[in-house]
Amino acid sequence: MSDPKKPITIHVDADACPVKAEIYRVAERYGVAVIIVANDYIAVPPNPLFSRIVVDDGFDAADNWIAEHAGPGDIVVTADVPLASRCVKAGATVIGPNGKPFSEAAIGMALATRNLMTDLRAAGQITSGPRPFSAKDRSSFLSALDLAINRLRREGYR
């Protein structure tokens, strides 16, 4: 049983996140805190629910900060598969900017695919990269974030 007093917090791996505006809108509607984590200054709307953490330029500094602070009752928004894996293992709900949830069951395949693509690029194979971000991705993300917040609230988080 979760601590009924623990608030839901959305942690955003923000450097390349295409859905920050959507996160702010949903967070305001539900009264949920948002922490934007990045290596550089990113403007955050003036709202006491929203805060910014600027980490140093060290390798994976933003990822490390998020992984150390996210846990049960938190939502992490990232496209970074290794970060998603760390956060899922810590008990956080993890959603990609395209709305795809990362789960314990699916994270192994996502890591394997990422590693394979990295190896192919290192071997000189030409890969197409990710498809362009679409309106459908944005809509899927909004639905996934809404579902995640409502599920956490049913579990006793606020």
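For the structure, check the block above.
Residue numbers run consecutively from 1 along every chain, following the written order of its sequence. Residue-level local features of this predicted model are given only where pLDDT is at least 70; pairs of side-chain atoms are given and counted only at 80 or more, and the full residue set underlies all totals for whole chains, interfaces and linings. Side-chain descriptors were evaluated using all non-hydrogen atoms of the structure, hydrogens and water having been removed beforehand.

(A) Just the pairing of strand β2 (residues 33–38), in detail. Burial runs high along β2: 5 of the 6 residues are buried. In terms of strand pairing, strand β1 (residues 9–13) meets β2 through 5 bridges, oriented parallel. Across the sheet, I10 pairs through a bridge with V34, a residue of β2. Looking down the strands as they point away from the viewer, one classifies a crossover as right-handed if the path from the first strand across the helix to the second runs clockwise. Helix and strand definitions here come from DSSP, where helices need a minimum of 4 consecutive H or I residues and strands a minimum of 2 consecutive E residues; each element is numbered from the N-terminal end. After leaving β1, the chain enters helix α1 (residues 20–30) and then returns to the sheet as β2, a path that is right-handed. At least two DSSP bridges between two strands are needed for those strands to be called paired. For β2 and strand β3 (residues 50–54), the ladder comprises 5 bridges, and the chain directions are parallel. Along β3, the bridge assignment pairs V37 with I53. Accessibility here uses a 1.4 Å probe with only protein chains present; expressed as a share of the type maximum, an area under 20% marks a residue as buried, one over 50% as exposed, and anything in between as partly exposed.

(B) Expanded view of helix α3 (residues 81–89). When α3 is considered as a whole, its buried residues turn out to be V81, L83, A84, S85, C87 and V88. Between N or O atoms, a polar contact is any pair within 3.5 Å; within protein, one atom must be a potential hydrogen donor and the other a potential acceptor, and residues adjacent in sequence are included only when both atoms are from side chains. The backbone nitrogen of L83 has a side-chain oxygen 2.7 Å away, supplied by the residue at the start of α3, namely D80.

(C) Geometry of the nonpolar core. The biggest cluster of nonpolar side chains holds 28 residues, and the ones touching the most others in it are I10, I23, V34, I75, L145 and I149. Sorting elements by how many residues they give to this core places helix α5 (residues 135–154) first, with 6 residues. Not counting residues up to four positions away in its chain, the partners in contact with V34 are I10, V12, I23, Y24, A27, L49, F50 and S51. Here the nonpolar core consists of buried residues drawn from Ala, Val, Leu, Ile, Met, Phe, Trp, Tyr and Cys, with membership extended through side-chain atoms lying within 4.5 Å. Only heavy atoms enter the contact rule, under which two residues are in contact if any of them lie within 4.5 Å.

(D) Summary view of the side chain of K20. Within the secondary structure, K20 sits in helix α1. All tallies of charge rest on Lys and Arg as positive and Asp and Glu as negative; His and the ends of each chain are not included. Take a side-chain nitrogen of Lys or Arg and a carboxyl oxygen of Asp or Glu: if they are within 4 Å of each other, that pair is a salt bridge. D15 provides the closest opposite charge to the buried, unpaired K20, separated from it by 7.7 Å. In this structure the side chain of K20 is engaged in a polar contact, spanning 3.3 Å, whose partner is the backbone oxygen of A14. When sequence neighbours within four positions are dropped, the list of residues in contact with K20 reads V12, A14, I36 and I42.

(E) Focus on the side chain of D63. You can see D63 is positioned in helix α2 (residues 61–69). Residues within four places of D63 in sequence aside, it is in contact with D13, D80, L83 and R86.

(F) Focus on the sheet that holds β1. Strand order in the open sheet formed by 6 strands is β3-β2-β1-β4-β5-β6, and the pairing between neighbours is mixed. Two strands close off the open sheet at either side, each with one partner strand: β3 and β6 (101–102). Lying over the sheet, α1 contacts β1, β2, β3 and β4 (74–77), oriented at roughly 160 degrees with respect to β2. Together, β1, β4 and β5 (93–95) form the strand contacts of α5, whose direction differs from that of β5 by roughly 175 degrees. Axis lines are fitted to C-alpha atoms, over the contacting stretch for helices. Their N-to-C directions set the angle, which ranges from 0 to 180 degrees.

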